Amino acid sequence: MTQAINSTQALYRCLPAMDSLLLIPQVIGLTEQQGKAWIKSLLAQMLNDARHNIAKHQSMPSWCQQPNDIVTELKKRIALQQRQSMNPVINLTGTILHTNLGRSQMCEAAIDAVISVMRHPVPLEFDMGQGKRGHRDTAISALIHELTGAESCCIVNNNAAAVLLMLAATAAGKEVIVSRGELVEIGGAFRIPDIMVQAGCKLVEVGCTNRTHLKDYVAAITENTAAIMKVHTSNYHISGFTKVTEEAELAALCKEKGIALISDLGSGALTDLSRFGLSKEPMPQQMLADGVNLVSFSGDKLLGGPQAGLVVGDAALIAKLQSHPLKRALRCDKMTLAALEATLMQYRNPATLDVHLPIFKKLSRPLVELAGLAQLLMSVCHDFSALFEVSVQASQTQVGSGSQPDVLLDSLSLCFSPKPESPLSLLQLDNLFKTASMPIIGRLANNRLWLDLRGCDNEAQLEQVLLQLGHKLANGEPLETGVLR
Ligand SMILES: *Cc1c(COP(=O)(O)O)cnc(C)c1O
């Protein structure tokens, strides 16, 4: 008899029916709030899980016994599915502009600007009585002119799009000359030769990987040549027996031959970065002064703004870009333009860039401040010390996103290495860090988990998260819940 009660079949029969679940008053409330189809599908999943539980363990899950427990479980599942995928994380990877973590963080002015244009109608392409607006980039054009001297500009979705549009609008069906030392690949299948094909241009390679001379360019010019393109080798560095032909020399040649000189700058810095400990990055304003006709660069690399591609330069050429059909496909929305405008405005006062732009704030942070932070954090990590050796180690931060590959900034990292008796591996600790209320993303190297403190935005918050994780660890939670297996 007891056997019969305990039998699996009996347990299945004890499972509530869907119809009865939908009649629980709180469930009725939830279906009204959240939509019946979704709640029903969650309940179906719960019943399914319960059946699996019975099959596997010959028992009901504990939440299946009482209507109250069922409602609690349902609410838990609702909350879990309402978590958005783009929750913030703490980037302590040692790479400031991490492409996979969304590159640039925005300045407060940009954040405010975006919120405002999200909430209200704005005169994106509307004549407010001050003369007809040409297009949605006009407002930024004036600011770009002020900052770089460029006659005009064209803003698109990213720099890859900027290069594509620049080539398609100025050189489709024609030849474009590029040095063999500048046939760059940027991550994610962006290769200069491929972009040329997509833009309908014929790539003419000149020179050698390490040396390209003016005479190489001269010899390659034909009646079919539309442009010479320079590409900033932003993510690698060739040293030794090298020779590049400078923009100013090429500009004179292009002018004489009546062809365009265009340049993909990649990162593009609007201010001299040497005071932040970085090397000299070519600046668009310098390129224009040297006689380059069009310069393109990213909005979310060293500029510190939203993802965007900026093409700046001669008004006549920019007009071609603006009227090209691809522009309509590649144009930016009002949020990007608002964030970009607010970011660019910061450059009116370069002296305060490291106060307002997160990227420069981080890059310029003195080592003694990081030492203070490290000490503070060490004092909240005692809960880790049973299983992990916690220490402060010298480390180096890189800029990232292919910018300034030869620059490494001195930094400090909080390091965790497992003690011999630790049941948790480093990989599991790394996973634990990723389950935090605000996940911490570090870097695994040399049998240690490194948290590079130069990436920290909010010290109190980091302290809190480490405390919380330490508690979880001390309570044995990671092993019990099996989350980490
Ligand atoms: C980064 C980079 C690109 C691509 O820019 P995105 O903004 O990532 O599209 C193109 N060219 C160069 C030289 C770059 O460094």
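For every chain, the first residue of the written sequence is number 1, and numbering continues from 1 onward in sequence order. In keeping with the model being predicted, local features are shown solely for residues with a pLDDT of at least 70 and side-chain atom pairs are shown and tallied solely at 80 or more, while totals for entire chains, interfaces and linings include all residues. Excluded from the side-chain calculation are hydrogens and water; included are all heavy atoms of the structure.

A word on the overall build of the protein chain. In DSSP terms, a helix is any run of H or I states spanning at least four residues, a strand is any run of E spanning at least two, and both are numbered starting from the N terminus. Counting its regular elements, the protein chain contains 22 helices and 15 strands. Relative to the compact-globule value of 23 Å for 485 residues, the protein chain shows a C-alpha radius of gyration of 29 Å, a clear excess of over 25%. In terms of its C-alpha atoms, the protein chain occupies a principal-axis envelope of roughly 100 × 50 × 40 Å. Buried means the residue's accessible area, taken with a 1.4 Å probe over protein chains only, is under 20% of the maximum for its type, while exposed means over 50%, and partly exposed covers the values in between. When burial is assessed residue by residue, the protein chain has 47% of its 485 residues classed as buried. In what follows, residue pairs with any heavy atoms lying within 4.5 Å of each other are defined as contacts. Once local pairs closer than 6 in sequence are excluded, the contacts in the protein chain between residues at least 24 apart make up 74%. Here the globule rule reads 2.2 Å times residues to the power 0.38, and the radius of gyration is calculated from C-alpha atoms.

The next point concerns a nonpolar patch on the surface. Think of a patch as exposed residues, more than 30% relative accessible area, with no salt bridge, where like charges cluster within 9 Å and nonpolar side chains (Val, Leu, Ile, Met, Phe, Trp, Tyr) cluster within 5 Å. Here the Shrake-Rupley method, with its probe set to 1.4 Å, supplies the accessible areas, and only the displayed protein chains count as covering residues. Salt bridges are defined by distance alone: a side-chain nitrogen of Lys or Arg within 4 Å of a carboxyl oxygen of Asp or Glu. On the surface, a nonpolar cluster with roughly 310 Å² of combined accessible area is contributed by Ile 111, Ile 115, Met 118 and Met 335. With three residues, helix α7 (residues 108–119) is the largest single contributor of residues to the nonpolar patch. Looking at the element boundaries, Ile 111 is found in helix α7. Classification of Ile 111 by relative accessible area gives partly exposed; the value is 32%.

UniProt positions are given in the numbering used here, feature names are shortened, and annotations may be inferred rather than shown by experiment. Per the UniProt record, the feature "modified residue: N6-(pyridoxal phosphate)lysine" (unreviewed entry) sits at Lys 301. The contacts of Lys 301, once residues within four sequence positions are left out, are Leu 97, Arg 103, Ser 104, Gly 266, Ser 267, Ile 359, Ser 401 and Ser 403.

Helix length check: α7 (12 residues) gives 17 Å between terminal C-alpha atoms against 16 Å at 1.5 Å per residue, within 8%. Looking only at α7, the buried set comprises Ala 110, Ala 113, Val 114 and Val 117. What you see down the axis of α7 is that its buried residues fit within an arc of 100°, all on one side. What points out from α7, more than 90 degrees from its buried face, is the exposed set Glu 108 and Arg 119. Here a helix's expected span is defined as the number of its residues, less one, multiplied by 1.5 Å. By arc we mean the arc of the directions from the helix axis to the C-beta atoms, nothing more.

To continue, consider the nonpolar core. Nonpolar cores are built from buried Ala, Val, Leu, Ile, Met, Phe, Trp, Tyr and Cys residues. Side-chain atoms within 4.5 Å join them into one set. Residues Ile 155, Ile 228, Leu 278, Leu 344 and Phe 360 are the most contacted members of the largest nonpolar core, which totals 59 residues. Looking at this core element by element, the count peaks at six residues for helix α16 (residues 334–346). Here the limits of each domain have been adopted from an automatic or database domain assignment. Counting only domains with at least three residues in this core, you end up with domain 2 (90–98 + 363–474) and domain 3 (108–355). Beyond its immediate stretch of four places on either side in the chain, Ile 155 contacts Asp 137, Ile 140, Ala 308, Gly 309, Leu 310, Lys 327, Arg 331, Cys 332, Leu 337 and Leu 340. With 33 residues, the next largest nonpolar core counts Val 178, Ala 226, Ala 227 and Ile 318 among its residues.

This brings us to the site of the ligand. Working definition: residue near molecule or strand if any one of its non-hydrogen atoms lies within 4 Å of it. Lining the immediate surroundings of the ligand are Arg 103, Asn 158, Asn 159, Ala 160, Ile 186, Phe 190, His 232, Ser 234, Asp 264, Gly 266, Ser 298 and Lys 301. N or O atoms closer than or at 3.5 Å make up a polar contact, with two conditions inside protein: a donor-capable atom paired with an acceptor-capable one, and, for residues adjacent in sequence, both atoms drawn from side chains. One nitrogen or oxygen atom from the side chain of Asp 264 is found 2.6 Å from a nitrogen atom belonging to the ligand. Ser 298 is positioned such that a nitrogen or oxygen atom in its side chain is 2.6 Å from an oxygen atom of the ligand. Here the ligand, which alone exposes 380 Å², has 94% of that area covered by the protein. Elements with a contribution of two residues or more to the shell around the ligand: α9 (159–171) and β8 (260–266). Residues were grouped as follows: Ala, Val, Leu, Ile, Met, Phe, Trp, Tyr, Cys and Pro as nonpolar; Asp, Glu, Lys and Arg as charged; and all remaining residues, including Gly, as polar. Split by residue class, the shell around the ligand holds three nonpolar, six polar and three charged.

Ring geometry is summarised as follows: Phe, Tyr and Trp rings, the Trp one being its six-membered ring, pair when their centres sit within 6.5 Å, and such pairs are stacked at plane angles under 30 degrees, edge-to-face over 60 and tilted between the two. All told, the structure shown has four aromatic pairs when counted by the stated rule. Ring centres 5.9 Å apart and planes at 85° place the aromatic pair Phe 384 and Phe 433 in the edge-to-face group. With Phe 384 in the loop between α19 (367–378) and β11 (388–400) and Phe 433 in helix α20 (residues 426–434), this pair connects stretches of sequence that are 49 residues apart. In this structure, Phe 384 and Phe 433 share a single accessibility class: buried. Taking 5.4 Å as the distance between ring centres and 90° as the angle between the ring planes, the aromatic pair formed by Phe 416 and Phe 433 counts as edge-to-face. Pair noted here: Phe 416 is in strand β12 (residues 403–418) and Phe 433 is in helix α20, with a separation of 17 residues, a long-range link. Exposure remark for Phe 433: the relative accessible area of 0% places this residue in the buried category. Taken together through their ring pairs, the aromatic side chains of Phe 384, Phe 416 and Phe 433 make up a single cluster. Geometrically, a lysine NZ or arginine CZ counts as sitting over a ring once it is within 6 Å of the ring centre and also within 35 degrees of the ring normal. If you follow Arg 211 out to its NZ or CZ, it ends over the ring of Phe 241, 3.8 Å from the centre.

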